Amino acid sequence: MFNVTGELTAGVEEGSEIFLYPIKDADLDSILAIIRECPPLQQTLIKDSYYFYFDNLPPGRYAPMVPITSFISGQGFPIVDEKQYLNYSLELIYHGGNPRYSLGPFVIQPLLNASS
């Protein structure tokens with residue numbers, strides 16, 4: 001299980017939350033459909049207007065989402081801290097979104113050349 005930290009590229013209002021959704025692929029339309037139709041896996045308060053944390057995630061693909069109405073001035077995006085841990089990597093896929101949602105999909109996956 002992995003603990004994921006990250007930072008927003010723009011500040012949000014105090015008390016704003018970030019939502020985490022499991023995804024099958026990082027296609028924008030697929031992610032937006034999941035956000036509209038499914039409850040989040042986790043949601044947490046954003047600390048000090050920029051910082052977020054998700055805990056106990058198994059390997060997989062995820063999309064953190066912040067509603068654009070949370071940002072103070074201009075749309076920002078959630079960026080996870082990329083790292084390697086116990087033969088796994090945590091990597092940002094991209095950051096982007098639409099006029100309603102800011103996204104930063106990422107993947108936790110085994111390292112390609114990991115030795116057992």
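These numbers come from a predicted model, not from an experiment.

A separate point is the sheet that holds strand E1 (residues 2-8). Read across the sheet, 3 strands follow the order E4-E1-E6 without closing on themselves; strand pairing throughout is antiparallel. Edge positions in the sheet fall to strand E4 (51-57) and strand E6 (78-80), since each of these pairs with one other strand and no more. Direction aside, the axes of adjacent strands within the sheet are offset by 30° on average. Relative to E6, E1 runs antiparallel, the two sharing 3 bridges. Counterpart to Leu 8 in the pairing with E6 is Pro 78.

Along the chain, the position of Ser 102 falls in strand E10 (residues 101-103). With a relative accessible area of 0%, Ser 102 lands in the buried category. Polar contacts involving the side chain of Ser 102 include one to the side chain of Gln 75, which spans 3.0 Å. Apart from the residues lying within four places of it in its own chain, the contact partners of Ser 102 are Pro 64, Met 65, Val 66, Phe 71, Gln 75, Gly 76, Phe 77, Pro 78 and Gly 96.

Now for helix H1 (residues 28-37). Because an α-helix completes one turn every 3.6 residues, residues spaced three or four positions apart along the sequence face the same direction. All of the buried residues in H1 are Ile 31, Leu 32 and Ile 35. Across the axial projection of H1, the buried residues extend over an arc of 100°, all falling on one side. The exposed residues of H1 that point more than 90 degrees off its buried face are Asp 29, Arg 36 and Glu 37. Where the residues of H1 are buried, they touch strand E2 (17-23), strand E5 (60-67) and E10.

In this section: the environment of Ser 49. Locating Ser 49 in the fold gives a position in the loop between strand E3 (42-45) and E4. Expressed as a C-alpha distance, the spacing of Ser 49 and Leu 8, which sit 41 residues apart in the sequence, is 8.1 Å. Beyond its immediate stretch of four places on either side in the chain, Ser 49 contacts Leu 8, Ala 10, Gly 11 and Val 12.

Once that is clear, we can look at the nonpolar core. Counting residues in hydrophobic clusters, the biggest one holds 18 residues, and the most contacted among them are Val 4, Leu 8, Phe 54, Leu 57, Val 66, Phe 106 and Ile 108. Within the residue set of this core, elements represented by two or more residues are E1, E2, E4, E5 and strand E11 (106-110). Other than its neighbours up to four places away in sequence, Ile 108 contacts Phe 2, Val 4, Leu 57, Pro 58, Pro 59, Gly 60, Tyr 62, Ser 89 and Leu 90. Counting 10 residues, the second-largest nonpolar core is a separate cluster that includes Phe 19, Leu 32, Tyr 101 and Leu 103.

We now examine the environment of Lys 24. In this structure, Lys 24 sits in the loop between E2 and H1. For Lys 24, a relative accessible area of 79% puts it in the exposed group.

With that out of the way, let us pick up the pairing of E11. For a regular strand, side chains alternate in direction, first toward one face of the sheet and then toward the other. Alignment of E5 against E11, held across 3 bridges, turns out to be antiparallel. Bridged to Arg 61 within E11 is Val 107. Pairing between strand E8 (residues 88-92) and E11: 5 bridges, direction antiparallel. Looking at the pairing, Glu 91 lines up with Val 107 of E11.

The rules behind the values
Residues numbered from 1 in each chain as written. Predicted model: local features only at pLDDT ≥ 70, side-chain atom pairs only at ≥ 80, totals over all residues. Heavy atoms only, no water. Pairing = 2+ DSSP bridges. Helix = DSSP H or I, 4+ residues; strand = E, 2+ residues; numbered from the N terminus. Axes fitted to C-alpha atoms, helices over the stretch in contact; angles between N-to-C directions. Buried < 20%, exposed > 50% of the residue type's maximum accessible area, 1.4 Å probe, protein only. Polar contact = N/O pair within 3.5 Å; in protein donor to acceptor, adjacent residues only side chain to side chain. Contact = heavy atoms within 4.5 Å. Arc of directions from axis to C-beta. Core = buried A, V, L, I, M, F, W, Y, C linked by side-chain atoms within 4.5 Å.

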